[in-house]
Amino acid sequence: MGPAGGATRPGRFFGVYLLYCLNPRHRGRVYVGFTVNPARRVQQHNGGRKKGGAWRTSGRGPWEMVLIVHGFPSAVAALRFEWAWQHPQASRRLAHVAPRLRSEATFDFHLRVLAHMLRAPPWARLPLTLRWLRSDFRRELCPPPPPHVPLAFGPLLPPVLASKRQADPFADIESQPDQDAEAPCTLCARTLQDEEGSLCCPHPGCSLRAHMICLAEEFLQKEPGQLLPLEGQCPGA
């Protein structure tokens, strides 16, 4: 099972954002769009159609990008997410989402749709991140995002900084010798090797250490049709 929408080159950014109109004459309007460069895209929206903005946002600014969902494996996957968010009533994946209520603000409705999208296939299995670019607009989603979808806050890191962080995510953490480097896997009893990738349980008092693959197979016993687990109960806790 490959990523939805096909593969892409490592390090590419694909995001789907929500704009909020700050113009008193149009305050409360929202716009959903796709971008590979959030900072440039919001400038285009505020610059009007001549600057590359959309016709729906042209002449109605200023617009503020308040949140963005990113981590899509390809542009196609992100564009499909964008379309479904824009047209929830036309999407088969969102048939269970009730239409907007008369008393419901457009912004709140779009957040409600987003909450259900993050829980619906195929998006529920993607390594997405929900980032609030304006924390004062933040709302608690109902239902909440899946456990593997983190919440982030503030602007995105510049590409150079982000690539360094991805290349060495523990660069700022002092390394310590691993006293259990040759400990056996709790599930298969084979010796743990660093290059194979091992995991330990964060629960206090649980001594479980296991190969990533072994733990994934344990979690997938209740989901035999999948390749990647989303969550699971520690067998040693």
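Residues numbered from 1 in each chain as written. Predicted model: local features only at pLDDT ≥ 70, side-chain atom pairs only at ≥ 80, totals over all residues. Heavy atoms only, no water.

Focus on helix α5 (residues 212–219)
To be explicit about the condition: To sort residues, take the accessible area from a 1.4 Å probe on protein chains only and compare it with the maximum for the residue type: under 20% means buried, over 50% means exposed, and anything in between is partly exposed. Strands here mean DSSP runs of E at least two residues long; helices mean DSSP runs of H or I at least four residues long; both are numbered from the N terminus. Residues are treated as being in contact if the distance between any of their heavy atoms lies within 4.5 Å.
By the burial criterion, the buried members of α5 are Cys214, Leu215, Ala216 and Phe219. Where α5 is buried, its residues touch β6 (198–200) and β7 (209–211).

Thoughts on the sheet that holds strand β5 (residues 151–153)
Spelled out, the test is: Following DSSP output, two strands are said to pair if at least two bridges run between them. Note on definitions: angles span 0 to 180 degrees between N-to-C directions of axes, and those axes are lines fitted to C-alpha atoms, for helices only across the stretch in contact.
The sheet built from five strands is open, its strands ordered β2-β1-β3-β4-β5 with mixed pairing. The open sheet has two edge strands with one neighbour each: β2 (30–35) and β5. Between one strand axis and the next, the sheet turns through 25° on average, direction left out of account. When strand β3 (residues 63–70) meets strand β4 (residues 129–132), the two strands line up antiparallel, connected through four bridges. Within β4, the residue paired with Ile68 across the bridge is Arg131. Along the sheet, helix α1 (residues 38–47) contacts β1 (15–21), β2 and β3; its crossing angle with β3, the most-contacted strand, is approximately 145°.

A short note on the packing of aromatic side chains
Worth spelling out the cut-off: Within 6.5 Å between ring centres, the rings of Phe, Tyr and Trp (the latter by its six-membered ring) count as paired, and their orientation is classed by plane angle as stacked under 30 degrees, edge-to-face over 60, tilted in between.
For the structure shown, the criterion picks out seven aromatic pairs. Ring centres of Phe81 and Trp85 lie 6.1 Å apart, and the angle between their planes is 75°; this geometry places the pair in the edge-to-face category. Residue Phe81 and its partner Trp85 are both found in helix α2 (residues 75–86); the two are separated by four residues, about one turn of the helix. Classification of Phe81 as buried rests on a relative accessible area of 0%. Residue Trp85 is classed as buried on the basis of its relative accessible area, which comes to 1%.

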